[in-house]
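As a plain string of letters, each chain reads:
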Amino acid sequence: MGLRHSSTRSVVVKMAAATLVFAAAGCGFLRGGASAAEEIALINVKSSEFRQGGALPLEYTCQGSLGSPPLNWSSKPLPKAKTFAVVVDDYSSTSQAVHWIIYNIDARTTVLAPGIPAEGAKPNDVPPGSKQARLANGKRGYNPPCPESDGKGNFRFSVYALSDQLELSESTPLAEILQGIADLTIARGRLTAVDIE
């Protein structure tokens, strides 16, 4: 009983820390110390599976089997960009959960194929050099969202261009990874799915 309580408390603490980072970002976008003083460039984020403000297809939720949806992005030339990071979260009135963080994506990469597995499953399916954060549930990779009891949710697929790689260990806490992304952000964009089909 004590072990279960401790485990539950640990997850709550991790999510609270992540929430603080997102709350400090304003409108859910991470804002970095180094980049905050500069004008942040915009990234155009799209998916072939859903549009801005549309519903997230059920196949990309916990009730489906396709894993992460395909994403692609574009922006004006970003000569200072060394890597990209993608953060997926549900920022709704009833939930604020991080569903995926993949970072150190090579700056020449502008597409994520669908169904990227957890790190180490099939290395060729993950962009070379990229890493996936360990989420509050203790697992790496895309943690598909589940429909709330009312079917509501705001599932945000945010892309950040970073001025450098993130040098982090596998044990780095989620909040520190988010803060690291914030500190190095030089451009950002988002695609939001509202609710689930």
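On a predicted model such as this, the values are computed, not experimentally measured, just so you know.

A. Spatial organisation of the overall build of the protein. Looking only at helices and strands, the protein has three helices and eight strands in total. Put simply, the protein runs from its N terminus to its C terminus through helices and strands in the order α-α-β-β-β-β-β-β-β-α-β. The contacts in the protein between residues at least 6 apart in sequence include a share of 75% that link residues at least 24 apart. Of the roughly 10,100 Å² of accessible surface on the protein, a fraction of 53% belongs to carbon and sulfur atoms.

B. Representation of the state of the cysteines. Applying the stated criterion to the full structure yields one disulfide. Across the disulfide, C62 is cross-linked to C146 (sulfur-sulfur distance 2.0 Å). Residue C62 is located in the loop between β1 (41–46) and β2 (71–75), and its partner C146 is located in the loop between β6 (131–132) and β7 (154–162); the two are separated by 84 residues in the primary sequence. We classify C62 as partly exposed; its relative accessible area is 36%.

C. Highlighting the pairing of strand β4 (residues 96–106). With eight of its eleven residues buried, β4 lies for the most part within the structure. As paired strands, β4 and β6 are joined by two bridges and run antiparallel to one another. In the strand pairing of β6, Y103 is matched with K131.

D. Spatial organisation of the packing of aromatic side chains. With the rule as written, the count across this model stands at three aromatic pairs. Between W100 and Y142, the aromatic rings sit 5.6 Å apart at their centres with planes inclined by 80 degrees, giving edge-to-face as the arrangement. Of the two residues, W100 sits in strand β4 while Y142 sits in the loop between β6 and β7, which places them 42 residues apart along the sequence. Residue classification places Y142 among the buried positions, given a relative accessible area of 10%.

E. A look at the sheet that holds strand β8 (residues 185–194). In spatial order, the strands read β5-β2-β1-β8-β7-β3-β4-β6; together these eight strands make up an open sheet with mixed pairing. If you trace the sheet from one side to the other, it starts and ends with β5 (111–112) and β6, each paired once. Bridge count between β2 and β5: two bridges; the pairing is antiparallel. Across the sheet, residue L71 finds its bridge partner in β5, namely L112. Where helix α3 (residues 174–184) meets the sheet, its contacts fall on β3 (83–91), β4, β7 and β8, and the angle it forms with β4 comes to roughly 55 degrees.

Rules of the game
Residues numbered from 1 in each chain as written. Predicted model: local features only at pLDDT ≥ 70, side-chain atom pairs only at ≥ 80, totals over all residues. Heavy atoms only, no water. Helix = DSSP H or I, 4+ residues; strand = E, 2+ residues; numbered from the N terminus. Contact = heavy atoms within 4.5 Å. Areas by Shrake-Rupley, 256 points an atom, 1.4 Å probe, with all protein chains shown as cover. Disulfide = S-S within 2.5 Å. Buried < 20%, exposed > 50% of the residue type's maximum accessible area, 1.4 Å probe, protein only. Pairing = 2+ DSSP bridges. Phe/Tyr/Trp six-rings, centres within 6.5 Å; stacked < 30°, edge-to-face > 60°. Axes fitted to C-alpha atoms, helices over the stretch in contact; angles between N-to-C directions.

Functional significance is not addressed by these values, which are geometric in nature.
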